[in-house]
Amino acid sequence: MTLKLHNTMTKAKVPFEPADPKRVTMYVCGPTVYSRPHIGNARPALVFDVVFRLLRHLFGEEHVVYARNITDIDDKINAASQESGRPISDITKEMADIYRGDMAALGVLPPTHEPHATAHILEIITMIETLISGGNAYEAEGHVLFNVPVFDEYGQLSNRNRDDMIAGARVDVAPYKKDPADFVLWKPSSDDLPGWDSPWGRGRPGWHIECSAMIEKHLGQTIDIHGGGHDLIFPHHENELAQSRCSHDGADLARVWMHNGFLTMDKDKMSKSIGNIVTVHELSQEHAGETIRFAMLSAHYRQPLDWSDDLLAQAKNTLDRLYRTLDNLSDVDIPADAKPSDAFIAALSDDVNTPKAMAEMSALCKAANTATSDDERAHLKGQLTTSGAVLGLLQDDPQSWLKSGGDDDAEIDALVAARVAARGSKDFAESDRIRDELSARGITLEDGAGGTKWRRGC
RNA sequence: GGCCGAGUGGCAGAGUGGUGAUGCAGCGGACUGCAAAUCCGUGUACGUCGGUUCGAUUCCGGCCUCGGCCUCCA
């Protein structure tokens with residue numbers, strides 16, 4: 001089964017061939033920790049978590065190295081600190097912890113490495129020195145700037161030329177820049193801001209250079225996959241690419257560039273600057289993490305996805321159905337050699353087509369619900385569970401999933417038992433009265449061959 | 001202005017040059033004391049105008065609408 005991935009650089013879906021199948025490397029731009037993550041921030045984390053799981057499935061768990069950084073030095077963090085009066089390190093530590101907790105709630109696996117920018121200042125300085133000595137960067141008024149015209153291939157990833165960029169530029173060009181497109185590698189810090197000593201005085205790194213430095217340190221000069229949100233293509237990834245190639249004798253930074261589409265709220269991009277955000281924390285109060293995850297993966301990662309309550313409700317309904325099927329398979333054990341179905345892996349191998357993969361899971365469900373032999377039911381249970389694992393779904397216990405959301409299980413069990421007794425004596429008036437009572441409490445009953453089951457929700 | 005992407009049935013959302021996935025919701029049936037669940041069945045969906053083709057939702061071109069990037073942003 002050949003994995004095919006869409007490469008932003010070539011705008012084509014191509015077979016994925018890692019440089020070393022024993023060490024597949026992936027880097028994804030992580031959060032800048034100055035506030036709680038919103039659900040839009042969670043999309044890349046979730047998307048690349050699925051890519052991570054898929055790569056581990058295809059190449060082996062120990063053969064995939066995934067790094068997702070934490071940006072803990074940034075002007076927005078400084079602003080948050082000045083506004084709240086809290087020390088910067090307090091804010092970054094708290095928000096990084098919240099980020100990890102929120103992602104864990106969505107079933108996102110921890111990456112292999114989670115490098116922090118402030119722990120890589122030396123590497124950053126070294127890389128900047130290399131760029132200066134190579135003639136790709138220059139110092140000006142305490143700043144160090146990357147000189148864009150020196151790098152012929154600048155603009156290749158985002159498919160834009162310098163004239164366009166200058167024509168569309170909405171920022172004032174700093175007077176010390178040699179070229180309007182030049183961008184900052186290092187900038188001076190005043191005494192009240194975080195800073196590190198450097199050959200160019202006390203200062204701090206620009207945004208783009210940290211990723212280049214951390215990629216080199218943890219993954220190497222050329223990585224297999226570089227991922228992030230669509231809005232990072234320009235300028236962030238274009239600049240990363242330029243810095244890394246120029247400091248590595250032109251070596252490619254990434255073999256494949258992957259970018260996820262945006263989450264919208266009423267068709268507008270969800271973003272902190274617009275203010276139309278809902279945080280992961282808020283959503284987690286109302287919905288199971290797995291429901292949020294399912295909703296997110298119900299669209300292909302490169303497509304836009306409009307976030308809504310209705311989307312979550314549909315996700316919950318569909319997930320309930322999958323868990324009901326698993327619950328009905330509780331009498332058979334998963335075979336030791338269980339693995340995902342071929343059709344499921346084929347779907348994910350086609351540029352991580354999660355909606356199609358989910359459709360394959362529904363097909364497995366239907367097969368399981370109609371299968372007659374226990375061997376076949378066990379086989380299908382194994383396929384369903386292991387397929388779900390690649391998406392980070394269906395790993396909960398079916399009973400606890402179906403009954404979660406309340407703390408009155410014992411009381412419900414007692415009412416159900418009373419109703420079973422009433423039915424046994426054909427007292428259907430009493431039986432229906434109890435069922436109505438339970439229904440009013442949000443409990444649904446199922447009278448099956450094996451007895452009566454209950455679950456929360458309709 | 002430049003670049004990029006999207007427009008599929010009630011909703012969500014894949015895919016394809018020629019019987020139009022899948023899920024949710026709806027409807028009919030089986031099953032059930034009645035339900036629920038499950039199963040079976042069910043829907044004149046592919047923005048618009050042209051072109052190519054024996055045949056296009058799928059390829060090409062124009063147009064319309066919407067969104068994104070070009071400044072921080074996942």
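It should be emphasised that the depicted structure is a prediction, and the values quoted were computed from it without experimental measurement.

Things to note about the overall build of chain A
Looking only at helices and strands, chain A has 16 helices and 15 strands in total. Taking the principal axes of its C-alpha atoms as reference, chain A extends roughly 90 × 50 × 35 Å. Across the 458 residues that make up chain A, the buried fraction comes to 50%. Residue pairs at least 24 apart in sequence account for 75% of intrachain contacts in chain A once pairs closer than 6 positions are excluded. As displayed, chain A has an accessible area near 20600 Å², and 49% of this comes from carbon and sulfur atoms.

Some details on the pattern of salt bridges
For side chains of opposite charge, pairing can occur when their charged atoms come near one another. Enumeration over the complete set of coordinates arrives at 32 salt bridges. Ionic pairing is found between Lys93 and Asp97, a salt bridge with its closest N-O pair at 3.1 Å. Of this pair, Lys93 and Asp97 both sit in helix H3 (residues 88-105), separated by four residues, roughly a single helical turn. A residue is classified by how much of its surface remains accessible, and Lys93, at 54% relative accessible area, is exposed. Between Glu446 and Arg455 there is a salt bridge whose closest N-O contact spans 2.3 Å.

Comments concerning the sheet that holds strand S4 (residues 64-68)
Spatial strand order, S4-S3-S9-S10: four strands in an open sheet with parallel pairing. The open sheet is flanked by S4 and strand S10 (254-260), the only strands paired with a single partner. Strand-to-strand twist of the sheet, defined as the mean angle between neighbouring strand axes without regard to direction, takes the value 20 degrees. Sheet topology places strand S3 (residues 24-28) next to S4; five bridges connect them, and they run parallel. Its bridge partner being in S4, Thr25 is matched across the sheet by Val65. Against the sheet, helix H7 (residues 233-247) contacts strand S9 (223-229) and S10, and its axis sits at roughly 155 degrees relative to S9.

Focus: the packing of aromatic side chains
The geometry of an aromatic ring pair is captured by two quantities: the separation of the ring centres and the angle between the planes. Here the structure, examined in full by the defined rule, presents six aromatic pairs. Taking 4.9 Å as the distance between ring centres and 25 degrees as the angle between the ring planes, the aromatic pair formed by Tyr323 and Trp401 counts as stacked. Here Trp401 lies in helix H14 (residues 398-403) and Tyr323 lies in helix H10 (residues 309-327), a separation of 78 residues in the sequence. A relative accessible area of 7% means that Trp401 is categorised as buried. Clustering of aromatic rings is evident, with ring pairs tying together Phe146, Tyr154 and Phe183. Residue placement shows Arg160 over the ring face of Phe234; its charged tip is 4.3 Å from the ring centre.

Re the packing of helix H12 (residues 354-370) against helix H13 (residues 374-391)
Packing of H12 against H13 brings their axes to within 9 Å, and their N-to-C directions diverge by 160 degrees. With respect to H13, the axis of H12 lies roughly antiparallel. For the element pair H12 and H13, the recorded crossing hand is left-handed. Only Arg377, Leu380, Gln383, Leu384, Ser387, Gly388 and Leu391 of H13 make contact with H12, whose side of the interface consists of Thr354, Met358, Met361, Leu364, Cys365, Ala367 and Ala368.

Here we look at the side chain of His248
Relative to the helices and strands, His248 resides in the loop between H7 and S10. Since its relative accessible area comes to 6%, His248 is described here as buried. Each residue touching His248, except ones within four places of it in the same chain, is listed here: Met127, Glu216 and Gln221.

A short note on unusual backbone geometry
Cis rather than trans, the peptide bond between Phe234 and Pro235 has omega equal to 0 degrees. Tracing the chain through its elements places Pro235 in helix H7. Despite not being glycine, Lys426 shows a phi value in the positive range, around 55 degrees. The class for Lys426 is exposed, based on a relative accessible area of 62%.

Side note on the nonpolar core
By size, the foremost hydrophobic cluster in this structure holds 70 residues, and its most contacted members are Ile39 and Trp307. The element contributing the most residues to this core is helix H1 (residues 39-59), with eleven residues. Aside from chain neighbours lying at most four places away, what touches Trp307 is Ile39, Leu263, Thr264, Met265, Met270, Val278, Leu283, Ile292, Ala295, Met296 and Leu312.

What about the sheet that holds strand S6 (residues 143-146)?
The four strands are arranged S5-S6-S7-S8 in an open sheet whose pairing can be described as antiparallel. Each of the sheet's edge strands pairs with one partner strand only, and the pair in question is strand S5 (137-140) and strand S8 (203-205). Mean inter-strand twist for the sheet, computed between neighbouring axes without regard to direction, equals 20 degrees. Where S6 meets strand S7 (residues 183-188), three bridges bridge the pair, whose relative direction is antiparallel. Of the residues in S7, the one forming a bridge with Val144 is Trp186.

Details of the environment of Ile121
Positionally, Ile121 belongs in helix H4 (residues 121-133). For Ile121, a relative accessible area of 7% translates into the label buried. Beyond its immediate sequence surroundings of up to four residues, Ile121 is in contact with Trp186, Trp196 and Pro205.

Some remarks on the confidence of the model for chain A
Interpreting fine coordinate detail is not advised for predicted regions of low pLDDT. Per-residue confidence for chain A gives a mean pLDDT of 93, with 98% of residues at or over 70. We note a pTM of 0.96 for the whole complex and an ipTM of 0.94 for its interfaces.

Some words on H1
Taking 1.5 Å as the rise per residue, H1 with 21 residues should run 30 Å; its terminal C-alpha atoms sit 30 Å apart, in good agreement. Most of H1 is tucked away: 16 of the 21 residues are buried.

Definitions and cut-offs
- Residues numbered from 1 in each chain as written.
- Chains lettered and ligands numbered in written order.
- Predicted model: local features only at pLDDT ≥ 70, side-chain atom pairs only at ≥ 80, totals over all residues.
- Heavy atoms only, no water.
- Helix = DSSP H or I, 4+ residues; strand = E, 2+ residues; numbered from the N terminus.
- Buried < 20%, exposed > 50% of the residue type's maximum accessible area, 1.4 Å probe, protein only.
- Contact = heavy atoms within 4.5 Å.
- Areas by Shrake-Rupley, 256 points an atom, 1.4 Å probe, with all protein chains shown as cover.
- Salt bridge = Lys/Arg side-chain N within 4 Å of Asp/Glu carboxyl O.
- Pairing = 2+ DSSP bridges.
- Axes fitted to C-alpha atoms, helices over the stretch in contact; angles between N-to-C directions.
- Phe/Tyr/Trp six-rings, centres within 6.5 Å; stacked < 30°, edge-to-face > 60°.
- Lys NZ or Arg CZ within 6 Å of the ring centre and 35° of its normal.
- Parallel < 35°, antiparallel > 145°, perpendicular 65-115°, else oblique.
- Left-handed = near helix turned anticlockwise from the far one by under 90°.
- Core = buried A, V, L, I, M, F, W, Y, C linked by side-chain atoms within 4.5 Å.
- pLDDT = per-residue confidence, 0-100.
- Expected span 1.5 Å × (residues − 1).

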